[in-house]
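Residue-level structural notes
Each chain is listed here by its residues.
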Amino acid sequence: MSHDDLIGAVTTLRQAPPELSYPGLSPQLLARVRQLWSAQGLDFDRTWALTVRSLPGFRALPRPDGAPSSAQVDLMFLFDQCVIWVKTLHAAAALGRQQQTEGLDPAQWHGLAAVSARLIDQVTALRLLALTDLPMPAMQIARSVSEDVDMMLVLLARRKLAARFTACRDVGEANEFWRRHIAGGRAFRAITEKLYDVGLDYSADTEYAQWRQQVLAILGAAVHSNALSLPAPAGTPGTVLQNDDSVYFSTFRIHELCAYAQLIRPGLTEALDRAADEAARSAMTGDGLAALAAPLSTVLLSQIQSLHQPAQPRPARGATRH
């Protein structure tokens, strides 16, 4: 393999356009995403470089070798769009907390900033694991991503719970908070109650809730040592989620975070905008990512229709999406 091939398989030059890091990407998907960014007056190339290209251990996708379609590359491209949005959300939430911006309670800003910082670490790790073909730890991270999404949504839904979360001062208090309010699906139940108020029924007997529970059960199996951790023989349909599934589920859940956060807190995008505007007036804008959180919410929501499940055997029937 030549030196140029090695560079293309692992990384790309810092000034190269984003698409060079996704060899085999669907031209139609790339054109649609660029159009969505352009419609909001946003610079995709610069923002991608500030967020995705700057990730610790960044790797470009390997060149496809006889892939039947662009599905795998497209999925990682959409996952990276979520990475960008989460980074901008964190930047805006951190400013909102610092300035105590109106629109969210101080505890909600605090919780949103704290959990989004953790979520950035999770998606960074998942990206590395997926691109190095380590499905079991990728499953563990995907489960944590889902928990972070639930945590952020429940903090937006319940102000008093956000206050209890930010009041934790040591590991013992944090663990007790988790046990009483988050573990065992408690956070998700609180979210579904709030969503039911706006006309979305995700109660336990719905197809979506059953699909979600089955996926989380499989992801949970990766956390504890068991015989299911053994890889399936070559050519045998797997009974556990693979890399694509972990990336897909995480991408799907971050899309849910973007969509449901705005249903639970209809004024959220305005609050994010306000936090960025107040920071700009105080010369606190930094790299400018905070100002992108609100317009990128619209971009991310418009990408939901482009997300497709990996075309491999799944443990449960798919649910109706969004």
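Above: the structure in question.
Each chain has its residues counted from 1, following the order in which its sequence is written. The model is predicted, so local features are restricted to residues of pLDDT at least 70 and side-chain atom pairs to those at 80 or more, both for listing and for counting; the totals for chains, interfaces and linings are taken over all residues. For side-chain calculations, the full set of non-hydrogen atoms in the structure is used, while hydrogens and water are omitted.

Description of the overall build of the protein chain
For helices the rule is a DSSP run of H or I covering at least 4 residues; for strands it is a run of E covering at least 2, with both sets numbered from the N terminus onward. A tally of helices and strands in the protein chain yields 13 helices and zero strands. If you list the helices and strands of the protein chain from N to C, you get α-α-α-α-α-α-α-α-α-α-α-α-α. Buried, partly exposed and exposed residues are distinguished by accessible area as a fraction of the type maximum, computed with a 1.4 Å probe on protein chains only: under 20%, between the cut-offs, and over 50%, respectively. Within the protein chain, the proportion of its 322 residues that are buried is 48%. Taking as baseline every contact in the protein chain between residues at least 6 positions apart, the subset at least 24 positions apart corresponds to 81%. Every accessible area reported is derived by Shrake-Rupley at a probe size of 1.4 Å, with residue values counting cover from the shown protein chains alone. For the protein chain, the exposed area adds up to about 15300 Å²; of that, 53% sits on carbon and sulfur atoms. Contact between two residues is taken to exist if any of their heavy atoms lie within 4.5 Å; hydrogens are not considered.

So, empty space enclosed by the protein
Points on a 1 Å grid, built from protein atoms alone, make a cavity when a 1.4 Å probe fits but cannot get out and make a pocket when they are open with protein on both sides within 12 Å along at least 5 of 7 lines; residues with an atom within 4 Å of a point are the lining residues. Grid points are joined across faces, edges and corners, and a volume is the space filled by probe spheres set on the points. Inspection of every chain in the model, using the stated rule, returns one cavity of 30 Å³ or more. Estimated volume of the largest cavity: approximately 30 Å³. Every residue along the wall of the largest cavity is listed here: Leu55, Pro56, Gly57, Phe58, Thr124, Arg127 and Leu128. Residue type decides the class: Asp, Glu, Lys and Arg count as charged, Ala, Val, Leu, Ile, Met, Phe, Trp, Tyr, Cys and Pro as nonpolar, and the leftover types, Gly among them, as polar. Of the residues that constitute the lining of the largest cavity, the class distribution is four nonpolar, two polar and one charged.

Details of the packing of helix 2 (residues 27-39) against helix 13 (residues 293-302)
Packing of helix 2 against helix 13 brings their axes to within 9 Å, and their N-to-C directions diverge by 155 degrees. Compared by their axis directions, helix 2 and helix 13 come out roughly antiparallel. You can see that helix 2 and helix 13 cross each other, and the crossing is right-handed. In this structure, helix 2 uses Arg32, Leu36 and Trp37 to contact helix 13, whose residues at the interface are Leu296, Val299 and Ser302. In terms of residue class, the contact of helix 2 with helix 13 is made up of four nonpolar, one polar and one charged. Here, axes are lines fitted to C-alpha atoms. For helices the fit covers the stretch in contact, and angles between N-to-C directions go from 0 to 180 degrees. In these notes the angle categories are as follows: under 35 degrees is roughly parallel, over 145 is roughly antiparallel, 65 to 115 is roughly perpendicular, and the rest is oblique. By convention, the crossing between two helices is left-handed when the near helix turns anticlockwise from the far helix through less than a right angle, and right-handed when the turn is clockwise.

That is the geometry; function is a separate question.
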